[in-house]
Amino acid sequence: MSSLASVSEELAEIDGQIADLFRVLSNGFQKLDKIKDANRQSRQLEELTGKMRECKRLIKEFERVVKAKENRIDANTLRTLNEKKQSMVKELNSYVALKKQYQNKLGINKRVDLYDGPNEGFNEDNALLASSMTNQQLMDKGNQMMDETDQTIDRAKKVVNETVDIGTDTAAALKDQTEQMSRIVNDLDTIQFSMKKGAKLVKEIGRQIATDKCILSLLFLIVAGIIAIITVKLVNPNNKDIQDIPGLAPPAMNRRLLGAPY
């Protein structure tokens, strides 16, 4: 730290802030193992991710200050500062790896947006990290990255296939429902036609019944009248006010016997 202070108080201050953040990250991951609740673990991991972002920003600031002062720094000090930066990058990458492990354990599929993504300007940092690795380590790292890429592609293909299957099933279900709705509409039209035809038939039957009732009433009145006339004729055959019923013989007259006195 004294060598850094002799070069720049600004670098010393940045180095101290990064060291404090690394201690916070170390303690935070140790506490993460003791947390049993998945939601609390996820929140703790988000907080640690924020700390790692801050570390990345400070490392970038450290690099900027070194580049700005490299013309006034001797070669040995400059090499020491670059090694210091590589050391900080390695330590930060170790915490990134821990984050990945906890994400996999918690089932969180989020893009790690620290020192392992192509969109955050990491190529230079990764080049610094690669300069300290052997050829075998570089090959192993490359194979690991290709395996992870293949796994990501396989997962993406699986998601696409599942999405296509779901879309196909949904389309088939919609087609079946559409056909079913068409059949229901046709059935409703048939029922409505049958109801109209039934209502018309009921009206015709009602009119016929009313006509039959009138005819039966008239017949009943005629029969009752005939019965009344016959009854009166039988009871009072000499009643001249009642005409004879056609087809009905008049009552027999009292005949005078021959030889009977007048």
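Residues numbered from 1 in each chain as written. Predicted model: local features only at pLDDT ≥ 70, side-chain atom pairs only at ≥ 80, totals over all residues. Heavy atoms only, no water.

Caption draft 1: Summary view of the overall build of the protein chain. Within the protein chain, the regular secondary structure consists of six helices and zero strands. For the protein chain, the sequential pattern of α-helices and β-strands runs α-α-α-α-α-α. When contacts within the protein chain are restricted to residue pairs at least 6 apart in sequence, those whose partners lie at least 24 apart make up 59%. If you sum the accessible surface of the protein chain, you get close to 19,700 Å²; carbon and sulfur atoms cover 57% of it. (Helix = DSSP H or I, 4+ residues; strand = E, 2+ residues; numbered from the N terminus. Contact = heavy atoms within 4.5 Å. Areas by Shrake-Rupley, 256 points an atom, 1.4 Å probe, with all protein chains shown as cover.)

Caption draft 2: Just the environment of E13, in detail. Mapped onto the secondary structure, E13 falls in helix α2 (residues 9-34). As a C-alpha pair, E13 and F62 span 49 residues in sequence and 9.6 Å in three-dimensional space.

Caption draft 3: Spotlight on the confidence of the model for the protein chain. For the protein chain, per-residue confidence averages 77 on the pLDDT scale, and 75% of positions sit at 70 or higher. Residue range residues 1-6 is modelled with pLDDT below 50. Its contacts to residues more than four positions away, or to other chains, number seven contacts. In the model, residues 109-125 has pLDDT below 50 throughout and makes 40 contacts with residues more than four positions away in sequence or in other chains. (pLDDT = per-residue confidence, 0-100.)

Caption draft 4: Region of the structure containing a nonpolar patch on the surface. A contiguous nonpolar surface patch, about 780 Å² in accessible area, is contributed by I215, L216, L219, I222, I226, I230, L234 and V235. Of note, I226 is situated in helix α6 (residues 135-235). Of the residues examined, I226 reaches a relative accessible area of 39% and is grouped as partly exposed. (Patch = residues over 30% accessible without salt bridge, like charges linked within 9 Å, V, L, I, M, F, W, Y side chains within 5 Å. Salt bridge = Lys/Arg side-chain N within 4 Å of Asp/Glu carboxyl O. Buried < 20%, exposed > 50% of the residue type's maximum accessible area, 1.4 Å probe, protein only.)

Caption draft 5: The arrangement of the packing of α2 against helix α4 (residues 75-106) in detail. Two numbers describe how α2 lies on α4: the axes approach to 11 Å, and their chain directions differ by 20°. One element, α2, and the other, α4, form an angle in the roughly parallel class. The element α2 and its partner α4 pack so that their crossing is left-handed. Residues L11, D15, I18, F22, L25, S26, F29, L32 and D33 of α2 form the contact with α4, whose own contacting residues are L81, K84, M88, E91, L92, Y95, L98, K99 and Y102. Of the residues belonging to the contact of α2 with α4, the class tally is twelve nonpolar, one polar and five charged. (Axes fitted to C-alpha atoms, helices over the stretch in contact; angles between N-to-C directions. Parallel < 35°, antiparallel > 145°, perpendicular 65-115°, else oblique. Left-handed = near helix turned anticlockwise from the far one by under 90°. Nonpolar A, V, L, I, M, F, W, Y, C, P; charged D, E, K, R; others polar.)

Caption draft 6: Representation of the packing of aromatic side chains. Counted according to the given criterion, the structure contains three aromatic pairs. Judged by centre distance (5.9 Å) and plane angle (10°), the ring pair of F29 and Y95 falls under stacked. Of the two residues, F29 sits in helix α2 while Y95 sits in helix α4, which places them 66 residues apart along the sequence. Of the two residues examined, F29 and Y95, each falls in the buried class. Chaining the aromatic ring pairs together yields one cluster made of F22, F29, Y95 and Y102. (Phe/Tyr/Trp six-rings, centres within 6.5 Å; stacked < 30°, edge-to-face > 60°.)

Caption draft 7: A look at the packing of α2 against helix α3 (residues 38-69). Following both chains from N to C, one finds α2 and α3 inclined at 160°, their axes separated by 9 Å at the closest point. By the angle class used here, α2 and α3 are roughly antiparallel. Here α2 and α3 pass one another in a crossing that is left-handed.

Caption draft 8: Fine view of the environment of I35. Note that I35 resides in the loop between α2 and α3. Contact partners of I35, with chain neighbours within four places excluded, come to R40, Q41 and Q44.

Caption draft 9: Here's a closer look at the pattern of salt bridges. Taken as a whole and assessed by the stated rule, the structure comprises seven salt bridges. One salt bridge in this structure joins D20 and R23, with 2.0 Å as the shortest N-O distance. Of this pair, D20 and R23 both sit in helix α2, three residues apart, which is roughly one turn of that helix. Take R23: its relative accessible area is 48%, and that puts it in the partly exposed class.

Caption draft 10: A look at the side chain of T49. For T49, the location among the structural elements is in helix α3. When its relative accessible area of 2% is taken as the criterion, T49 is described as buried. Polar contacts involving the side chain of T49 include one to the side chain of K99, which spans 3.1 Å. (Polar contact = N/O pair within 3.5 Å; in protein donor to acceptor, adjacent residues only side chain to side chain.)

Caption draft 11: Focus on the nonpolar core. In terms of nonpolar packing, the biggest core is built from 26 residues, with I18, F22, L25, F29, M52 and F62 touching the most fellow members. Mapped onto this core, the elements with two or more residues apiece are α2, α3 and α4. Sort the elements by how many residues they give to this core and α3 lands first, with nine residues. (Core = buried A, V, L, I, M, F, W, Y, C linked by side-chain atoms within 4.5 Å.)

Caption draft 12: Spatial organisation of α2. In this model, α2 (26 residues) spans 38 Å end to end at C-alpha, consistent with the 38 Å of a helix rising 1.5 Å per residue. Looking only at α2, the buried set comprises L11, A12, I14, D15, I18, L21, F22, L25, G28, F29 and L32. (Expected span 1.5 Å × (residues − 1).)

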